[in-house]
Amino acid sequence: MEGTENNRALYLTVKCEDSVVTRVLVDNDSSANICPLSTLNKLKVDDERIHKNSICVWGFDVGGKDSVRDIVLELTIGLVEFTMEFQVLDMAISYNLLLGRPWIHAARAVPSTLHQMVKFEWDRQEIVVHGEDNLCVPSDAIVPFIEF
């Protein structure tokens, strides 16, 4: 039993556009930021912001999946705002967004699944964002909370 908690993936809760999004996976093995089409639909993003592309994303099962399109999304992680490009995939995935190496490198972040947190420096200040445990959202939240 000892050490079983060390096998958990690192999931964050972030603000994306004008909504709170849970189950945002931080994965330093991914060479792309991924947004499932189902997440994009729930965020109610204007279709004009979505661009078609011809990128093929390869998964852990060694099978390729064509990216339907890409989009640039505004994220707030901790107190820091990021503008990041995401590949949009039309498939069932266990996360709502995936932050891969493009975000990790842009933020100069150090994710730790062992400690269930990500750290980065921003404006000469250390930012620490803890992973999801049991998410509790206040009923009077100003920012809309989307259940996924």
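Now for a description of the structure that goes with this document. (Residues numbered from 1 in each chain as written. Predicted model: local features only at pLDDT ≥ 70, side-chain atom pairs only at ≥ 80, totals over all residues. Heavy atoms only, no water.)

1. Considering the overall build of the chain
So, step 1. Across its full length, the chain carries 2 helices and 12 strands.
So, step 2. By residue count, 40% of the 148 residues in the chain fall in the buried class.
So, step 3. Across the chain, every contact between residues at least 6 apart in sequence was considered, and the portion connecting residues at least 24 apart equals 57%.
So, step 4. Surface accessibility of the chain: about 9300 Å² in total, with carbon and sulfur atoms responsible for 48%. (Helix = DSSP H or I, 4+ residues; strand = E, 2+ residues; numbered from the N terminus. Buried < 20%, exposed > 50% of the residue type's maximum accessible area, 1.4 Å probe, protein only. Contact = heavy atoms within 4.5 Å. Areas by Shrake-Rupley, 256 points an atom, 1.4 Å probe, with all protein chains shown as cover.)

2. What about the sheet that holds strand 11 (residues 117-122)?
So, step 1. The strand order across the open sheet built from 3 strands is 10-11-12, with neighbouring strands paired in antiparallel fashion. Two strands in the sheet have a free side with no partner beyond their single neighbour: strand 10 (110-112) and strand 12 (125-130). Within the sheet, the average angular offset between the axes of one strand and its neighbour, ignoring direction, is 20 degrees.
So, step 2. Across 6 bridges, the pairing between strand 11 and strand 12 is antiparallel. (Pairing = 2+ DSSP bridges. Axes fitted to C-alpha atoms, helices over the stretch in contact; angles between N-to-C directions.)

3. Quick word on the packing of aromatic side chains
One pair of aromatic rings is described through two measures. These are the centre distance and the angle between the planes.
So, step 1. In total, this model carries 4 aromatic pairs according to the counting rule given.
So, step 2. Between Trp 103 and Phe 120, the aromatic rings sit 6.0 Å apart at their centres with planes inclined by 85 degrees, giving edge-to-face as the arrangement. You can see Trp 103 sitting in helix 2 (residues 101-107) and its partner Phe 120 sitting in strand 11, a full 17 residues away along the chain. Phe 120 carries the same exposure label as Trp 103, and that label is buried.
So, step 3. Site record: aromatic cluster; members linked through ring pairs are Phe 82, Trp 103, Phe 120 and Trp 122.
So, step 4. Across from the ring centre of Tyr 11, 4.1 Å away, lies the NZ or CZ of Arg 23, which sits over that ring. (Phe/Tyr/Trp six-rings, centres within 6.5 Å; stacked < 30°, edge-to-face > 60°. Lys NZ or Arg CZ within 6 Å of the ring centre and 35° of its normal.)

4. Side note on the nonpolar core
Nonpolar side chains in soluble globular proteins tend to end up buried together.
So, step 1. Judged by nonpolar contacts, the single largest core of 32 residues is most densely connected at Leu 75, Ile 77, Trp 103 and Phe 120.
So, step 2. Residues Leu 25, Val 57, Leu 89 and Leu 98 belong to the second largest nonpolar core, which totals 8 residues. (Core = buried A, V, L, I, M, F, W, Y, C linked by side-chain atoms within 4.5 Å.)

5. Examining the environment of Val 118
So, step 1. For Val 118, the location among the structural elements is in strand 11.
So, step 2. Not counting the four nearest positions on each side in its chain, Val 118 is found in contact with Leu 10, Leu 12, Trp 103, Ala 109, Val 110, Pro 111, Ile 127, Val 128 and Val 129.

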